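Letter by letter, the chains look like this.
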Amino acid sequence: MKNFIFLPFFLFTLGYAQNETSEWYFGIQLGAGSSYRTLDPQNEIAALVVSFRNESEVPIIGQNGGLVIGRKLNDHFWLESGVQFSRLGLVERVQVDTLTGSSIPGFPPPASPMSGELSMFDLFYHVNIPLLVKAYTNTGKLRGFFFLGPQVNISVAEQLRSVFVSENGVAIFEDDLQANFNPLIISLIGGGGFSYQFHENFSLEARFLARRDITPVADEPVRQQMHYVAGNLGVLFHF
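Nothing here was measured: the structure is a model prediction, and the numbers come from that model.

Engineer: Any chance you could explain the overall build of the protein here in plain terms?
Structural biologist: On a plain count of helices and strands, the protein comes out with one helix and 11 strands. The contacts of the protein with a sequence gap of at least 6 include a subset with a gap of at least 24, amounting to 74%. Roughly 12100 Å² of accessible area belongs to the protein as shown, and the carbon and sulfur atoms make up 64% of that amount.

Have a look at this one:
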């Protein structure tokens, strides 16, 4: 894509506050944000495909959610991990003057030629395992924090979902992709936010998350890397 589109969503994390005796926390986190990818063609033919994608691709709203667990190191530092699930991807939107059975491979042929907008959603489903260091900047009711670390993303499925909207209605076609996608991807996760402790066992936390892939989703013929900017909503229990 010519321009990276960062569309962060600031959501809130609702949880039980850390107290002096807390050594662990466990809970559920949910997130939503903007996912996008970078494309690096590995040959001249692929460069033509990338040029078209850069003109037509836009990010979609991605989601992540699952279990989180943390271990206290000292008053300011925690280790955080867990198992989460994510759906990231892109959509290509193009105007189609005449859609016939041979215009788009795999797309069901219409009863008669139609014109309209075709949206092709390229979706990636992964199981995510992060290992983050979380650092609180201060103590007290209102605290700032930062977190950083690697994340392993295990591929579960890829899906192509095409939606064609014309004057005659809407046609939808879904297909599981069998492309050369890597089963394991390594990412770098970072972010920060603020935590406010209402009383001893209750706090409200605003968290911002940014993910950048280090290893690619696919190598050939186009090297693809997925990225994600989001916020999380979750409940944590400290013990």
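Engineer: Got a minute to help me understand the packing of aromatic side chains in this structure?
Structural biologist: Aromatic rings in a pair are described by how distant their centres are and how their planes are angled relative to each other. Per the counting criterion, the structure on display carries five aromatic pairs. Seen in terms of ring centroids, Phe145 and Phe147 are 6.3 Å apart; in terms of plane orientation they differ by 25°. Their pairing is stacked. Taking relative accessible area as the criterion, Phe145 reaches 0% and is therefore assigned buried. Given a relative accessible area of 5%, Phe147 falls into the buried group. Arranged with centres 6.0 Å apart and planes meeting at 20°, the rings of Phe237 and Phe239 form a pair that is stacked. By the ring-pair criterion, three or more aromatic residues cluster together here, those being Tyr136, Phe145 and Phe147. We note Lys134 situated over the ring of Phe145; from NZ or CZ to the ring centre the distance is 4.7 Å. Above the ring of Phe147, the side-chain terminus of Arg207 is found at 4.7 Å from the ring centroid.

Conventions and cut-offs
- Residues numbered from 1 in each chain as written.
- Predicted model: local features only at pLDDT ≥ 70, side-chain atom pairs only at ≥ 80, totals over all residues.
- Heavy atoms only, no water.
- Helix = DSSP H or I, 4+ residues; strand = E, 2+ residues; numbered from the N terminus.
- Contact = heavy atoms within 4.5 Å.
- Areas by Shrake-Rupley, 256 points an atom, 1.4 Å probe, with all protein chains shown as cover.
- Phe/Tyr/Trp six-rings, centres within 6.5 Å; stacked < 30°, edge-to-face > 60°.
- Buried < 20%, exposed > 50% of the residue type's maximum accessible area, 1.4 Å probe, protein only.
- Lys NZ or Arg CZ within 6 Å of the ring centre and 35° of its normal.

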